[in-house]
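# Summary of structural features
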Amino acid sequence: MTGIFKRALQSCAAVGLVLAATGAVQADTWRYAFEEAMTDVQGVYAQKFKAEIEANSDHEIQLFPYGTLGESADIMEQTQDGILQFVDQSPGFTGALIPEAQVFFVPYLLPTDQKHLARFYRESKAINDMFKPLYAEKGLELLNMFPEGEVAMTTKKPVKTCADLNEVKFRVMTNPLLVESYRAFGASPTPLPWGEVYGGLQTNLIQGQENPTFFLYSTKIYEVTDYITYAGHNNFTTAVMANKDFFDGLSAEDKDLVEKAAAAAYDHTVVYQQQAAETELAKIMEAKPEMKVTVLTEDERRCFKAAAAEVEKTFIEMTGDSGAAIIAQMKADLAATAD
């Protein structure tokens, strides 16, 4: 599909949604876009959310997976404009709107233990109390955040220390703190839309990128990289939001319906994603047996952890007292939810 034809289809889809938002579709049809495929973690959450809404009401949910309506910036704009009622987007992109959301890219802040993370996201005061008004200021009702799995680096050459990332053009989301993180790790951070990453690796425009394991398999990124490295530096976080005006205009019954559907989808998805990393890594190794997988030792992680301290300072400089309060509360919440 050519870029021009693809953009034309996306424009037609967006125009159709504008017409729907202005009355061509019944008011009980709600539209929900996300950044991944139907079979990925966000898609699993979206399908459970849809099933819960439709099983407990007369409402219908229309799902729009990645690429249907454009890139991440497009679906966020459509949600803020009220064309979409729901969106699932990583703080990696939302951080441009809400600087404090970049806290999820402070390396080594979050543990790799997925059960601990599931408790943390469910119970965290920082997430459930402090973030909600920040999202509301941008016209968004934060329903919940959830983990998608430990982030792995995929590269064309082995990575054992920060020195191995020297001069490596490493794709990052358009997130200032993620840029600073990889700069601190020694790489040359290169922001690119996701749609350009496979081709960028194929042509050597970039030589590395990061994502949770399931996404490495579903997007076939393993085909154009040779090494998977687990440095334990981060877990991928995503957030499900509603258009604020839409949510505020719901009846008390429908608000309760949406919140219960979000909670059910959360419980369903955290169990799914805890299993996905192991099963999808096995699929990668079956498809490409020569792929080299490395889990860095504590000694090998030392330089990355030293860089993390500088990134945390940068985050606080970017966000001031608000960011400092959030990261302090997150650390307290993580301690409170540990075994």
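Before any of the text, the structure's been laid out above.
Reference entry: report on the structure contained in this document. If you're wondering where the values come from, they're calculated on a predicted model, not measured in any experiment. (Residues numbered from 1 in each chain as written. Predicted model: local features only at pLDDT ≥ 70, side-chain atom pairs only at ≥ 80, totals over all residues. Heavy atoms only, no water.)

## Topic: the state of the cysteines
- Scanning the entire structure with this criterion turns up one disulfide.
- In this model Cys162 forms its disulfide with Cys303; the gap between the sulfur atoms is 2.4 Å. Since a negative S-S torsion denotes a left-handed disulfide, the Cys162-Cys303 link at about 100 degrees is right-handed. Note that Cys162 is positioned in the loop between strand E4 (140-155) and strand E5 (169-172) and Cys303 in helix H12 (residues 298-337), a separation of 141 residues in sequence. (Disulfide = S-S within 2.5 Å. Helix = DSSP H or I, 4+ residues; strand = E, 2+ residues; numbered from the N terminus.)

## Things to note about empty space enclosed by the protein
- Summed over the entire model, instances satisfying the criterion amount to three cavities of 30 Å³ or more.
- In this structure, the largest cavity encloses a volume near 210 Å³.
- As for the largest cavity, its lining consists of 18 residues, of which Phe93, Met173, Asn211, Phe215 and Phe236 are closest to the centre.
- Those elements that place two or more of their residues in the lining of the largest cavity are E5 and strand E7 (208-212).
- Of the residues that constitute the lining of the largest cavity, the class distribution is nine nonpolar, four polar and five charged.
- There is about 60 Å³ of room inside the second largest cavity. (1 Å grid on protein atoms, 1.4 Å probe; cavity = no way out; pocket = protein on both sides within 12 Å on 5 of 7 lines; lining within 4 Å. Points joined across faces, edges and corners; volume = space filled by probe spheres on them. Nonpolar A, V, L, I, M, F, W, Y, C, P; charged D, E, K, R; others polar.)

## Observations regarding the pattern of salt bridges
- Evaluation of the coordinates by the stated rule reveals 14 salt bridges.
- A salt bridge links Glu54 to Lys50, with the shortest nitrogen-to-oxygen separation between them at 2.8 Å. A residue pair is termed a helical-turn pair when its members lie 3 or 4 positions apart in one helix, as Glu54 and Lys50 do in helix H2 (residues 41-55) at four residues.
- A relative accessible area of 23% places Lys50 in the partly exposed class.
- Between Asp248 and Lys244 there is a salt bridge whose closest N-O contact spans 3.4 Å. With Asp248 and Lys244 both in helix H10 (residues 244-248) and four residues apart, the pair spans about one turn of that helix.
- Each of Glu141, Lys244 and Asp248 takes part in a single network of salt bridges with overlapping partners. (Salt bridge = Lys/Arg side-chain N within 4 Å of Asp/Glu carboxyl O. Buried < 20%, exposed > 50% of the residue type's maximum accessible area, 1.4 Å probe, protein only.)

## What about the packing of aromatic side chains?
- A full pass over the atoms with the stated rule returns 19 aromatic pairs.
- Both rings, one in Tyr32 and one in Phe34, keep their centres 6.0 Å apart while their planes meet at 80 degrees; by these two values the pair is edge-to-face. Taken individually, Tyr32 and Phe34 each receive the classification buried, so the pair is uniform in this respect.
- Both rings, one in Tyr32 and one in Phe86, keep their centres 6.0 Å apart while their planes meet at 35 degrees; by these two values the pair is tilted. One end of the pair, Tyr32, is in strand E1 (residues 29-34); the other, Phe86, is in strand E3 (residues 86-89), and 54 residues separate them in sequence.
- Look at Tyr32 and you get buried, because its relative accessible area is 0%. (Phe/Tyr/Trp six-rings, centres within 6.5 Å; stacked < 30°, edge-to-face > 60°.)

## What about the nonpolar core?
- Among the nonpolar cores identified, the biggest contains 90 residues, and Tyr32, Phe49, Phe86, Val103, Phe104, Phe131 and Tyr135 are the most heavily contacted of them.
- Counting residues in each nonpolar core, the second largest holds eight residues, with Ala152, Leu216, Tyr222 and Met291 among its members. (Core = buried A, V, L, I, M, F, W, Y, C linked by side-chain atoms within 4.5 Å.)

## Let's talk about the packing of H2 against helix H11 (residues 252-287)
- Two elements in contact, H2 and H11, have axes whose closest approach is 8 Å; the angle formed by their N-to-C orientations is 145 degrees. The handedness of the crossing between H2 and H11 comes out as right-handed. Of the residues in H11, those touching H2 at Val41, Val44, Tyr45, Lys48, Phe49, Glu52 and Ile53 are Leu257, Val258, Ala261, Ala262, Ala264, Ala265, Tyr266, His268, Thr269, Tyr272 and Gln273.
- Of the residues in the contact of H2 with H11, the class split is 13 nonpolar, three polar and two charged. (Axes fitted to C-alpha atoms, helices over the stretch in contact; angles between N-to-C directions. Left-handed = near helix turned anticlockwise from the far one by under 90°. Contact = heavy atoms within 4.5 Å.)

## A short note on the pairing of strand E6 (residues 188-191)
- Bridging between E5 and E6 involves four bridges; their strand directions are parallel. What sits directly across from Phe170, in E6, is Pro189.
- This β-α-β element, E5 to helix H7 (residues 176-185) to E6, shows right-handed connectivity. (Pairing = 2+ DSSP bridges. Right-handed = clockwise from strand over helix to strand, strands pointing away.)

## Description of unusual backbone geometry
- The residue Tyr108 is not glycine, and still its phi comes out positive at about 65 degrees.
- Its place among the elements puts Tyr108 in the loop between helix H4 (91-94) and helix H5 (114-123).
- Residue Glu167 is not a glycine yet carries a positive backbone phi of 70 degrees.
- For Glu167, the location among the structural elements is in the loop between E4 and E5.
- Under the relative-accessibility criterion, Glu167 is labelled exposed at 64%.

## A look at the environment of Phe86
- Take Phe86: its relative accessible area is 0%, and that puts it in the buried class.
- Setting aside anything within four residues of it in sequence, one finds Phe86 in contact with Trp30, Arg31, Tyr32, Ala33, Phe49, Ile61, Thr79, Leu143, Met241, Ala242, Phe246 and Val258.

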